[in-house]
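Here is what each chain is made of, one letter per residue.
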Amino acid sequence: MDSKLKVVKTTSENPDFVSLIKTFDNYLWERYSELKTNYWGNNVIELNPNVVVIYLEEKPVACGCFKRFDKNTIEIKRMFVSPEARGLGLAQRVLQELELWALESDYSVSVLETLYKQEEAISLYQKVGYSIIDNYGPYVGLDKSVCMKKEI
């Protein structure tokens, strides 16, 4: 499968990233329609230079990005794998690429937030070394959020 995969470091202006995120948002709002007003503002991606898009047979199927959280810490954002490409290890690959990029940029810690129904995502994050922590920043007081942290 690796010969059919292409990993691209890009920005949030990449049209394939924008398209994947639209699909991701639609998925989230169908699954969590009750949370739109509380979470919508947290999912806006300002111009971001740290985006990874994975292509499978030239089709964009997975993405993620990170932004600076503090001097030593990044926050993983907008992790998504298209339904037709799930089960191929692509989420883990995106995460590995983002963490390596962060390390190369002198960051040593990664945090992220996901939602309580994202059991597959929580399981993946725990499998690769993330631990559940108290909710941080905009997620404090939001009981549907699950925040996680990892030394990278």
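Computed from a prediction, not measured in an experiment: that's the story for all the values here.

### Focus on the overall build of the protein
Working step 1: For the protein, the count of helices and strands is four helices and seven strands.
Working step 2: Relative to the 2.2 N^0.38 estimate, which gives 15 Å for 152 residues, the radius of gyration of the protein is 15 Å and therefore close to what a compact globule would have.
Working step 3: C-alpha extents for the protein along the principal axes are approximately 45 × 35 × 30 Å.
Working step 4: When each of the 152 residues of the protein is scored for burial, the buried share is 48%.
Working step 5: Taking all contacts inside the protein whose residues are at least 6 apart in sequence as the whole, residues at least 24 apart take part in 66%.
Working step 6: Accessible surface, the protein as shown: approximately 8100 Å² in total, 49% of it carbon and sulfur.
Working step 7: Within the protein, one finds 19 positive and 22 negative side-chain charges whose respective centroids are separated by 1 Å.

### Focus on helix α1 (residues 15-31)
Working step 1: Helix length check: α1, at 17 residues, gives a terminal C-alpha distance of 24 Å against a target of 24 Å (1.5 Å per residue), a fit within 8%.
Working step 2: Within the span of α1, buried status applies to F17, L20, I21, F24, D25, L28 and W29. Along α1, the residues classed as buried sweep out an arc of 165° about the axis, all on the same side. Seen from the open side of α1, the exposed residues pointing more than 90 degrees away from its buried face are P15, K22 and E30.

### Examining the sheet that holds strand β5 (residues 109-115)
Working step 1: Strands sit in the order β1-β2-β3-β4-β5-β7-β6 across an open sheet of seven strands; the sheet is mixed. Taken across any chain shown, the strands that pair with only one partner, and hence form the sheet edges, are β1 (5-10) and β6 (131-133). Pairs of neighbouring strands in the sheet enclose a mean axial angle of 30°, with direction left out of account.
Working step 2: Strand direction decides the pairing type here: β5 and strand β7 (residues 145-151), joined by seven bridges, are antiparallel. The residue bridging L112 from the neighbouring strand is M148, located in β7.
Working step 3: Along the sheet face, helix α3 (residues 90-104) touches β1, β2 (51-56), β3 (59-70), β4 (73-81) and β7 and points at about 35° away from the line of β3.

The rules behind these values
Residues numbered from 1 in each chain as written. Predicted model: local features only at pLDDT ≥ 70, side-chain atom pairs only at ≥ 80, totals over all residues. Heavy atoms only, no water. Helix = DSSP H or I, 4+ residues; strand = E, 2+ residues; numbered from the N terminus. Rg over C-alpha atoms; globule rule 2.2 N^0.38 Å. Buried < 20%, exposed > 50% of the residue type's maximum accessible area, 1.4 Å probe, protein only. Contact = heavy atoms within 4.5 Å. Areas by Shrake-Rupley, 256 points an atom, 1.4 Å probe, with all protein chains shown as cover. Lys, Arg positive; Asp, Glu negative; His and termini not counted. Charge placed at Lys NZ, Arg CZ, Asp CG, Glu CD. Expected span 1.5 Å × (residues − 1). Arc of directions from axis to C-beta. Pairing = 2+ DSSP bridges. Axes fitted to C-alpha atoms, helices over the stretch in contact; angles between N-to-C directions.

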